[in-house]
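Chain by chain, the residues run as shown.
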Amino acid sequence: MSAPKILILNGPNLNLLGTREPTVYGQQTLQDVESLCREEAARHGLDVEFVQSNHEGDLIDALHRARLEAAGVVFNPGAYTHTSIALADAVSGIELPVVEVHISNVHAREAFRHHSFISPVAAAVFIGAGVNGYRLGIAQLAHLFEAAGAAGRPAGADERDA
Ligand code: CA2
């Protein structure tokens, strides 16, 4: 049987990681993030699809594809976190565990970054751990899959019911 696949999805401007604002986002590039995600996923026996888009509709399409192709999602929605009801609807609509990740501590930044439309529909949230947040997100998905598997339930089901 092939390894379960997870989607690592990155929103607008994250393609610029490592090129500017190193004090906020660190020095690692998106390519480095992809490598660390592949390494962490392999430790848990998971395959990775890695996607970045600057377009809200493309992010929604990627989430819809994940519903059919993936067991869970690690999602950094970038600035759409703070604005997009459409992305929140997509996250809740696909009925997969979606872990929200932010590299920076958004709560230590401007007030407009304190609200997330995604957090209420996320399976977990990792904020301010730098790019290590992606590792934490993948490990949390692996934990949810294990818990759901042990209970003989689909991975998207709520762990509290396990
Ligand atoms: O901290 C995060 O991961 C964010 O999701 C990053 C978003 C920001 O709008 C959110 O409030 C928090 C911005 C991503 C932009 O990334 C850049 C990286 C390097 C240079 C410029 C932008």
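Data block above holds the structure.
Residues numbered from 1 in each chain as written. Predicted model: local features only at pLDDT ≥ 70, side-chain atom pairs only at ≥ 80, totals over all residues. Heavy atoms only, no water.

A count of helical and extended segments in the protein chain gives five helices and five strands. Its C-alpha atoms give the protein chain a radius of gyration of 15 Å, within 12% of the compact-globule value 15 Å for 162 residues. Principal-axis analysis of the C-alpha atoms places the extent of the protein chain at approximately 45 × 30 × 25 Å. Relative to its 162 residues, the protein chain shows a buried fraction of 41%. Carbon and sulfur atoms provide 50% of the accessible area of the protein chain, an area that totals close to 8,000 Å². (Helix = DSSP H or I, 4+ residues; strand = E, 2+ residues; numbered from the N terminus. Rg over C-alpha atoms; globule rule 2.2 N^0.38 Å. Buried < 20%, exposed > 50% of the residue type's maximum accessible area, 1.4 Å probe, protein only. Areas by Shrake-Rupley, 256 points an atom, 1.4 Å probe, with all protein chains shown as cover.)

The biggest cluster of nonpolar side chains holds 24 residues, and the ones touching the most others in it are Ile6, Ile8, Val33, Cys37, Tyr134 and Ile138. Contributions of two or more residues to this core are made by strand E1 (5-10), helix H2 (30-43), strand E2 (47-52), strand E4 (98-102) and helix H5 (132-150). Sequence-distant contacts of Ile6, defined by excluding residues within four places in its chain, comprise Ala41, Leu46, Asp47, Val48, Glu49, Ala70, Gly72, Ile138, Leu141 and Phe145. Among the nonpolar cores identified, the runner-up in size contains 19 residues, and Ile60, Ala66, Ala90 and Ile94 belong to it. (Core = buried A, V, L, I, M, F, W, Y, C linked by side-chain atoms within 4.5 Å. Contact = heavy atoms within 4.5 Å.)

Turning our eyes to something else, we now look at the pairing of strand E3 (residues 72-76). Of all five residues that make up E3, five are buried, and the element is covered over most of its length. Residues Gly72, Val74 and Asn76 of E3 are buried on one face, and the alternating residues Val73 and Phe75, pointing to the opposite face, are buried as well. Looking at chain direction, E1 and E3 are connected through five bridges and run parallel. The residue bridging Ile6 from the neighbouring strand is Gly72, located in E3. Summarising the sheet, E3 and E4 pair through three bridges and their orientation is parallel. Along E4, the bridge assignment pairs Phe75 with Glu100. Taken together, E3, helix H4 (residues 85-93) and E4 constitute a β-α-β crossover, and its handedness is right-handed. (Pairing = 2+ DSSP bridges. Right-handed = clockwise from strand over helix to strand, strands pointing away.)

Looking now at unusual backbone geometry. Here the phi dihedral of Asn13 falls at roughly 75°; this positive angle occurs in a residue that is not glycine. Here Asn13 lies in the loop between E1 and helix H1 (22-25). Accessibility expressed as a relative area gives 52% for Asn13, which makes it exposed. Located in the positive-phi region is Glu21, a residue other than glycine, with phi close to 50°. Looking at where Glu21 falls in the secondary structure, it is placed in the loop between E1 and H1.

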